[in-house]
Amino acid sequence: MAKMMDRRKKMIRGAAVFVVFAAIVVAVRAIKKKRRARISYGPMHERDRQRIEYLNSKIWQCDVTCRNMLRFERAPFFRLCNILRDRKLLEDSVHVSVEQQLAMFLHTVGHNVRNRVVATNFGRSFWTISVYFRRVLHAIGELRNEYIRPPSPGTPEKIAGNPRFDPYFKDCIGAIDGTHVRASVTKDVEHSFRGRKAFATQNVMAAVDFDLRFTYVLAGWEGTAHDALVLADALARERGLQVPQGKYYLVDAGYGAKPGFLPPFRNVRYHLNEWGSNPVQNAQELFNLRHSSLRVTVERAFASLKRRFKILSDATPFFTFPVQVDIVVACCVLHNYALSQGIDEFIIQEVTWTTQPIRTQSQQARDHRDTIDGMDTGASVTGASGSTTKSGVVHWTTPMSTMMLGFLADLVASGARTSSGFKTCHHNQCAKVLNDNLKLSLTGDQISNHLKKWRKIWGRLVQLKNLSGALWDEDTCTIRLSDEHYAGHCMNNKSDTPLLNTPIEHYRAMETIFGSTTATGKYAKSGNDTFSIDLDEESELQTSPNVGESSAKAPPKKKAKVVHIEDDPLVTTLKDGFKMMADALMKSGGDNEAIPDGLWDALAAIKGFDDSHIAHYYAHLVDSPKIANAFMTLSLDNKLVWVTRYVEKTFGVFYNLK
């Protein structure tokens with residue numbers, strides 16, 4: 001028994017030594033595998049020499065050259081490189097340093113040049129330019145929460161102590177306005193992006209403090225979206241625009257008057273160059289003059305932004321639309337960073353600022369009106385047939401609207417409508433059809449104005465269809481809400497009552513006319529949202545002008561090659577060693593598997609049994625060591641019970657030894 005115990009202890013010690021040795025071998029091998037092979041650099045290649053010479057002579061030669069090429073002077077540029085490097089947003093590679101990565105990005109957005117031009121200037125491949133553009137764009141986006149921050153709740157320095165503005169605007173914290181940035185999208189959605197401009201644009205709304213810093217940015221809305229719609233989306237977002245209690249922003253008339261937003265008086269002189277030498281005539285003009293003097297800050301901010309980054313001007317972009325949205329936000333981040341480094345020549349000073357050309361009151365009202373019903377409804381007319389009054393206002397009846405929408409829907413179905421919408425000739429044709437059939441005297445302008453009313457209704461329908469809990473009945477063209485939901489919604493939105501739980505009039509015609517031309521804002525992204533750049537993809541950044549994906553079918557992904565890896569000799573050896581060790585331990589057994597000492601002596605001490613029966617029971621205990629160990633722990637009387645039971649069960653002989 002003692003020998004067996006010593007053997008087992010030795011085996012356990014040997015197993016422990018083997019496990020420790022195996023762990024050491026595995027750890028040493030892992031360290032060697034992580035250690036990168038030493039790189040031995042040869043003489044500098046001619047191409048590398050040319051790259052460094054280009055950077056030193058064409059970009060970093062002086063502040064003027066660096067500012068012209070990268071839109072930043074040398075000191076702010078290298079500080080930004082250090083920020084990106086210290087925060088591990090960008091890393092130096094063997095081939096491209098952080099300075100070169102950022103320089104290629106800034107050269108692209110600063111001059112709106114193609115990858116081919118940048119690749120030629122910097123001596124890189126198209127793939128390298130594309131990959132590092134994506135990485136730098138993502139890195140700049142990670143700085144958005146630091147540089148695009150809400151304004152201070154205190155009174156701005158420009159207002160405090162200035163008798164022109166203080167105390168009248170002491171609670172004003174900034175100005176809000178929108179600007180249009182040229183966009184490249186696919187033909188099927190171009191209608192919704194082509195608004196007041198002659199080309200497709202995205203509507204970018206921004207809040208700016210009086211130091212020209214962007215405090216909130218919402219980009220990506222379609223160019224046809226009204227400013228008030230974009231503002232409503234900004235307020236409804238989870239991390240959207242927040243207006244502190246008791247504070248407000250200055251806005252133009254298009255946003256309307258609401259808590260937190262202060263527009264000017266309508267139909268009163270407003271823009272600075274409309275005053276000329278004519279003095280202020282009344283209190284409303286005085287308010288508009290000072291309102292314009294403050295709100296012009298947001299116009300200067302947009303102008304400075306587009307002056308620095310030409311990719312935001314009228315040049316056609318060449319990236320996918322989600323990347324175009326990311327670029328707008330990234331440029332706003334860089335604009336705020338530039339302001340933190342001091343004023344440079346790209347920041348337009350207030351003394352040199354000139355506002356837009358003089359516009360008439362009707363043009364201003366057309367640009368900024370917040371309702372469209374006033375142009376095609378109003379005074380009553382002479383009859384229900386749709387005749388016009390002397391003032392030219394039309395009372396539109398259901399047959400008139402039905403015929404107009406049906407005619408325009410047929411034009412769309414026939415492909416007559418252009419990418420910019422209906423032309424004047426289309427409106428005149430529609431007016432002629434209504435005049436001939438209903439004996440009216442409509443004009444093309446009246447058709448155009450009435451069409452805007454139905455466009456507004458369609459836009460509201462799109463929002464209601466996306467309402468939480470709303471069900472769409474395709475057969476009856478009905479937006480259905482539960483009774484409780486319907487009552488609660490209509491209590492706060494009475495104008496939606498005719499559009500819910502009842503078949504929608506002219507839905508099919510509106511779907512044909514406005515289905516692809518209504519702004520939905522599904523591509524919109526604020527400065528608080530993450531960028532769409534995916535750094536996990538190593539493919540080249542798409543530069544097609546499509547929304548999201550290229551119009552051409554993307555090449556199929558290559559299947560991963562199946563590589564059969566041979567077994568590692570070290571791993572095989574360790575596996576065999578552990579297996580042999582486990583088998584040996586199993587065979588050796590534990591302490592309970594050994595025959596206890598003195599077993600025969602204990603049986604021989606039991607008197608009254610036949611010797612053959614005792615010998616047979618001893619053989620049974622030897623075959624079952626666990627029973628033998630248990631037997632040795634019993635008292636003499638209990639041992640007699642065990643032996644008696646075994647003999648009776650095995651031989652049928654009963655001993656009465658009591």
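The structure this text deals with has already been given above.
Next up on the list: the overall build of the protein chain. In terms of helices and strands, the protein chain carries 23 helices and eight strands. Split into buried and exposed, the 658 residues of the protein chain put 43% on the buried side. In the protein chain, 67% of the contacts between residues at least 6 apart in sequence involve partners at least 24 apart. On the protein chain, roughly 36300 Å² of surface is accessible, and the fraction owed to carbon and sulfur atoms is 54%.

The next thing to look at is the pattern of salt bridges. Any two side chains of opposite charge can pair, on the condition that their charged atoms come close. Summed over the entire model, instances satisfying the criterion amount to 19 salt bridges. Asp344 is paired through a salt bridge with Arg308; the nearest N and O atoms lie 2.9 Å apart. With a gap of 36 residues between them, Asp344 in the loop between helix H12 (321–340) and helix H13 (361–368) and Arg308 in helix H11 (residues 283–308) connect regions that are remote in the sequence. In this structure, Asp344 and Arg308 share a single accessibility class: buried. Put simply, Asp473 and Arg480 hold a salt bridge, and the shortest N to O gap is 3.4 Å. Look at Arg480 and you get partly exposed, because its relative accessible area is 37%. The network of salt bridges with shared partners includes Arg67, Glu73 and Glu345.

Moving on, we get to the packing of aromatic side chains. Counting across every chain of the model gives 20 aromatic pairs. Ring geometry for Trp60 against Phe78: centres 5.5 Å apart, planes inclined by 50 degrees, an arrangement best described as tilted. Here the residue Trp60 occupies a position in the loop between helix H2 (46–59) and helix H3 (63–70), and Phe78 occupies one in helix H4 (residues 74–86), the gap between them amounting to 18 residues. Of the residues examined, Phe78 reaches a relative accessible area of 30% and is grouped as partly exposed. Among the aromatic residues, those joined into a ring-pair cluster are Phe105, Phe133, Phe318 and Phe319. When the ring centre of Tyr132 is taken as origin, the NZ or CZ atom of Arg135, which lies over that ring, is 5.1 Å away. The ring of Phe72 is capped by Arg308, whose NZ or CZ atom sits 5.3 Å from the centre of that ring.

How each quantity is defined
- Residues numbered from 1 in each chain as written.
- Predicted model: local features only at pLDDT ≥ 70, side-chain atom pairs only at ≥ 80, totals over all residues.
- Heavy atoms only, no water.
- Helix = DSSP H or I, 4+ residues; strand = E, 2+ residues; numbered from the N terminus.
- Buried < 20%, exposed > 50% of the residue type's maximum accessible area, 1.4 Å probe, protein only.
- Contact = heavy atoms within 4.5 Å.
- Areas by Shrake-Rupley, 256 points an atom, 1.4 Å probe, with all protein chains shown as cover.
- Salt bridge = Lys/Arg side-chain N within 4 Å of Asp/Glu carboxyl O.
- Phe/Tyr/Trp six-rings, centres within 6.5 Å; stacked < 30°, edge-to-face > 60°.
- Lys NZ or Arg CZ within 6 Å of the ring centre and 35° of its normal.

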